[in-house]
Amino acid sequence: MQLSLILWLSLVTISVAPPSTEIGRRRTEKLQPSETSSYENIDLNNYDPSLDIYGDSLDLNNYDELYDYSEPEPKIEVGTLATLAKKTEMVTTKAPPKITPNPSFKKPTEPGLFGSMTEQGLPTCLLCVCLGSSVYCDDVDLTTIPPLPKETTYFYARFNKIEQIRSGDFAGLKKLKRVDLSSNSLSQIDEDAFRLLPSLQELILSENQLRALPELPSSLVHLDAKLNQLQSSGIRTEAFKDLTKLQFLYLSDNKLDYIPVPLPFSLQSLHLQNNKIQTMHKDTFCDSQDRTFIRRALEDIRLDGNPINLSRFGEGYFCIPRLPTGTFH
């Protein structure tokens, strides 16, 4: 009974289910579009491949009006720069830009900025070096004293070719303290060249050709005139008497034949070596009438290189703390 029931159910199932091949075919037909469906509405019998159908919308007879091909294009020669030349001409005719000068700039020749013009054609502070109140004019081929700023305190003009100092070269320089003119060709100094300088303390005139000294200011502390041609006749009488601040007097390597007297009491160092001094007065350093007088400041006296015999003037040294350097025999 059970077996017959199973056989009956199998037959029913086979008759109801559609074959698998039929189902696959139907699915393929749904996925692929029909080839003939896109051309069903085209009437090939009435199709005309000519362009007459565009006659109403496109007029080829009037198309030439858009561009005229009858006129040939201009020929362009290689190397022709006519157009570039026009551009260049426009550039050259253009007005140059206006430059506004810096209002803070001053010409170097303007007085007060770089000083007055020197004989070399340059302002002093361009030819020389100005640092603060000091002016350095060493080795710049000067032949005269250049115009100096009024505030000059220290002036250096070594290793030049200056031959003369005139009375007005330092006029008005009330703050000038030091002047160094060593290693020049000085042979003449006007009498008033330094006398009117109220602040001058150091005057260096070494290695020149001086035969005489000018009048000196009372403010002088240091005078160096060694290696010149100074003669005793070139130093006026009592030239150093009123120099109450003078401490250093260097007159070595000259042609002096006696010690210039009187010497100020402020003097500390006196260099007279390599001159022609043969004799000395007994009151040159001391006061023979006052045995209590002592010259304590003068501790450095150089008389070596002179033909003088210092032992002959023993009484002339009792007031000084040290004997002079020189020949004792």
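These numbers come from a predicted model, not from an experiment.

## Quick word on the overall build of the protein chain
Okay, step 1: Of regular secondary structure, the protein chain possesses 4 helices and 11 strands.
Okay, step 2: Buried residues in the protein chain amount to 31% of all 329 residues.
Okay, step 3: Across the protein chain, contacts joining residues at least 24 apart in sequence account for 40% of those joining residues at least 6 apart.
Okay, step 4: Looking at the protein chain as shown, the accessible area adds up to about 22,800 Å², and 54% of this sits on carbon and sulfur atoms.

## Some thoughts on the state of the cysteines
Okay, step 1: One pass over the full model with this rule turns up 3 disulfides.
Okay, step 2: Across the disulfide, C128 is cross-linked to C137 (sulfur-sulfur distance 2.0 Å). On the sign convention where negative is left-handed, the bridge of C128 and C137, at about 110 degrees about the S-S bond, is right-handed.
Okay, step 3: Cysteine pairing for the protein chain, with bonded cysteines counted in sequence order: 1-3, 2-4, 5-6.

## Remarks on the environment of L303
Okay, step 1: In this structure, L303 sits in the segment after β11 (300-302).
Okay, step 2: Along the primary structure L303 and S252 are separated by 51 residues, whereas in three dimensions their C-alpha atoms are 8.8 Å apart.
Okay, step 3: Ignoring sequence-local partners within four residues, the contact set of L303 consists of I259, L272, Q273, I277, L310, P324, T325 and G326.

## Things to note about the UniProt feature "domain: LRRNT" (unreviewed entry) in the protein chain
Okay, step 1: Using the residue numbers shown here, the UniProt feature "domain: LRRNT" (unreviewed entry) corresponds to residues 124-154.
Okay, step 2: Secondary structure across residues 124-154 divides into 13% helix and 23% strand, with the first and last C-alpha atoms of the span separated by 14 Å.

## Quick word on the nonpolar core
Okay, step 1: Residues F155, F170, L181, F194, F240, L251 and F285 are the most contacted members of the largest nonpolar core, which totals 57 residues.
Okay, step 2: Excluding residues that lie within four positions of it along the chain, F240 makes contacts with L213, L216, L223, I235, L246, L249, L251, P260, P262 and P264.

## Thoughts on the pattern of salt bridges
Okay, step 1: Evaluated as defined, the whole model comprises 13 salt bridges.
Okay, step 2: Ionic contacts of the salt-bridge type, sharing partners, join the residues D138, R158, R178, D180 and E202 into one network.

## Digging into the packing of aromatic side chains
Okay, step 1: Using the criterion set out here, one finds 6 aromatic pairs in the structure.
Okay, step 2: Here the aromatic rings of F155 and F170 are separated by 6.1 Å at their centres, their planes lie at 65 degrees, and the arrangement is edge-to-face. Here the residue F155 occupies a position in strand β3 (residues 154-156), and F170 occupies one in the loop between β4 (164-165) and β5 (178-180), the gap between them amounting to 15 residues. Of the two residues examined, F155 and F170, each falls in the buried class.
Okay, step 3: Where Y317 meets F328, the ring centres are 6.4 Å apart and the plane angle is 75 degrees; that geometry is what we call edge-to-face. Of this pair, Y317 sits in the segment after β11 while F328 sits in the segment after β11, and the two are 11 residues apart along the sequence.

## Focus: the sheet that holds strand β2 (residues 134-136)
Okay, step 1: Strand order in the open sheet formed by 9 strands is β1-β2-β3-β5-β7-β8-β9-β10-β11, and the pairing between neighbours is mixed. With one partner strand each, in any of the chains shown, β1 (129-131) and β11 form the two edges of the open sheet. The average undirected angle you get between the axes of adjacent strands in this sheet is 5 degrees.
Okay, step 2: Two elements, β3 and β5, share 3 bridges in a ladder whose sense is parallel. Across the sheet, the residue bridging to Y154 is R178, located in β5.

## Remarks on the side chain of N208
Okay, step 1: Position of N208 relative to the elements: it lies in the loop between β7 (202-204) and β8 (222-224).
Okay, step 2: For N208, a relative accessible area of 2% gives the class buried.
Okay, step 3: Polar contacts involving the side chain of N208 include one to the main-chain amide nitrogen of L186, which spans 3.0 Å.
Okay, step 4: Beyond its immediate sequence surroundings of up to four residues, N208 is in contact with L181, S182, S183, N184, S185, L186, L227 and N228.

## Considering unusual backbone geometry
Okay, step 1: For the bond from V261 to P262, the omega torsion is -5 degrees, close enough to zero to count as cis.
Okay, step 2: Inspection of the secondary structure assignment puts P262 in the loop between β9 (248-250) and β10 (269-271).
Okay, step 3: For N274, which is not glycine, the phi torsion reads 60 degrees and is therefore positive.
Okay, step 4: Tracing the chain through its elements places N274 in the loop between β10 and β11.

Calculation rules
Residues numbered from 1 in each chain as written. Predicted model: local features only at pLDDT ≥ 70, side-chain atom pairs only at ≥ 80, totals over all residues. Heavy atoms only, no water. Helix = DSSP H or I, 4+ residues; strand = E, 2+ residues; numbered from the N terminus. Buried < 20%, exposed > 50% of the residue type's maximum accessible area, 1.4 Å probe, protein only. Contact = heavy atoms within 4.5 Å. Areas by Shrake-Rupley, 256 points an atom, 1.4 Å probe, with all protein chains shown as cover. Disulfide = S-S within 2.5 Å. UniProt positions renumbered as here; feature names shortened; annotations may be inferred. Core = buried A, V, L, I, M, F, W, Y, C linked by side-chain atoms within 4.5 Å. Salt bridge = Lys/Arg side-chain N within 4 Å of Asp/Glu carboxyl O. Phe/Tyr/Trp six-rings, centres within 6.5 Å; stacked < 30°, edge-to-face > 60°. Pairing = 2+ DSSP bridges. Axes fitted to C-alpha atoms, helices over the stretch in contact; angles between N-to-C directions. Polar contact = N/O pair within 3.5 Å; in protein donor to acceptor, adjacent residues only side chain to side chain.

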